[in-house]
Amino acid sequence: MQPASSGVTVRGRLDSIDWAILKELQADGSITNVELARRVGLSAPPCLRRVRALESAGIIKAYRAILDPKNLGFEIVCFAMVQLDVQGKKELKEFEQKVKDWSMVRECWTLSGDIDFILKCVAPNLASFQGLVSELTSLPNVRNVRTALTLDLIKDEPLVPIEEVEPEKA
């Protein structure tokens, strides 16, 4: 691997320090650069250069605070599985744009198989969620909507299982 001055070259060719940085930031995006550097065994300036390079490469997409929906009045977390009548490019784009307009829809994934989309939704109450479901089912290209209300959160981990990755040796 030919390291760039930042330590990051190509996605998938990260060294063990890059992976350590990613693991720490994924666990706590508000960590200070000084503390991050200490945890990964670097001084602060090269650590910050590596973080900036990971950001520039698009590996670090964003930083967010994880909020507690119930403490903010969103009692309902649910999933809606949507099947369309027609899955042409135009119809998919129209549905995707509509979903982007609904603030209660927090995530939307396209799926293979019988279900075209799965939507993760939050709502202050059941009536609000039922209103969203009514809007969904009234869309012209929607064939079927199945919903599932969540009961309890068992596991909530960041998307990338860094523990499973074998970093290249520096």
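Everything here concerns the structure above.
Residues numbered from 1 in each chain as written. Predicted model: local features only at pLDDT ≥ 70, side-chain atom pairs only at ≥ 80, totals over all residues. Heavy atoms only, no water.

Examining the overall build of the protein
Secondary structure summary: the protein contains five helices and four strands in total. Overall, the protein shows an N-to-C arrangement of helices and strands of α-α-α-β-α-β-β-α-β. For the protein, buried positions account for 28% of its 170 residues. Long-range pairs, those at least 24 residues apart, make up 63% of the contacts in the protein with a sequence separation of at least 6. Of the roughly 11,600 Å² of accessible surface on the protein, 53% is carried by carbon and sulfur atoms. (Helix = DSSP H or I, 4+ residues; strand = E, 2+ residues; numbered from the N terminus. Buried < 20%, exposed > 50% of the residue type's maximum accessible area, 1.4 Å probe, protein only. Contact = heavy atoms within 4.5 Å. Areas by Shrake-Rupley, 256 points an atom, 1.4 Å probe, with all protein chains shown as cover.)

Re the pattern of salt bridges
Applying the stated rule across the entire model yields 10 salt bridges. Measuring nitrogen to oxygen at the nearest pair gives 2.9 Å for the salt bridge that ties R50 to D15. One end of the pair, R50, is in helix 3 (residues 44-56); the other, D15, is in the segment before helix 1 (16-27), with 35 residues separating them in the sequence. Neither residue differs from the other here; R50 and D15 are each classed as buried. We note a salt bridge from E55 to R52, for which the minimum N-O separation is 3.3 Å. Taken together, the positions of E55 and R52, both in helix 3 and three residues apart, correspond to about one turn of that helix. (Salt bridge = Lys/Arg side-chain N within 4 Å of Asp/Glu carboxyl O.)

Focus: a nonpolar patch on the surface
A cluster of nonpolar side chains, namely W109, L111, L159 and V160, defines an oily patch on the protein surface of about 420 Å² accessible area. As for its placement among the helices and strands, L159 is situated in the segment after strand 4 (142-149). On the accessibility criterion, L159 (70% relative accessible area) is exposed. (Patch = residues over 30% accessible without salt bridge, like charges linked within 9 Å, V, L, I, M, F, W, Y side chains within 5 Å.)

A closer look at the nonpolar core
Counting residues in each nonpolar core, the largest one holds 20 residues, and the members touching the most others are V82, F95, L119, F129 and L136. Contributing elements (two or more residues each) for this core: strand 1 (76-84), helix 4 (89-101), strand 3 (117-123), helix 5 (126-138) and strand 4. The element contributing the most residues to this core is strand 1, with five residues. If near-sequence neighbours (up to four positions away) are discounted, F95 is found in contact with V82, L84, F117, L136, L139 and V142. (Core = buried A, V, L, I, M, F, W, Y, C linked by side-chain atoms within 4.5 Å.)

Focus on the pairing of strand 3
For a regular strand, side chains alternate in direction, first toward one face of the sheet and then toward the other. By the criterion of burial, strand 3 is predominantly enclosed, with five of the seven residues buried. Two strands pair when backbone bridges link them, and strand 1 and strand 3 are joined in this way by seven bridges, in the antiparallel orientation. Of the residues in strand 3, the one forming a bridge with I76 is A123. Here strand 2 (residues 105-110) folds back onto strand 3 in antiparallel fashion, the turn holding six residues, of which G113 has a positive phi close to 95°. (Pairing = 2+ DSSP bridges.)

Considering the packing of helix 1 against helix 2 (residues 33-40)
Close contact between helix 1 and helix 2 brings their axes to 10 Å; oriented N to C, the two are set at 130°. With respect to each other, helix 1 and helix 2 are oriented oblique. Crossing of helix 1 over helix 2 shows right-handed handedness. Residue-level inspection shows A20, I21, E24 and L25 of helix 1 in contact with helix 2, the latter providing L36, R39 and V40. Counted by class, the contact of helix 1 with helix 2 contains five nonpolar, no polar and two charged residues. (Axes fitted to C-alpha atoms, helices over the stretch in contact; angles between N-to-C directions. Parallel < 35°, antiparallel > 145°, perpendicular 65-115°, else oblique. Left-handed = near helix turned anticlockwise from the far one by under 90°. Nonpolar A, V, L, I, M, F, W, Y, C, P; charged D, E, K, R; others polar.)

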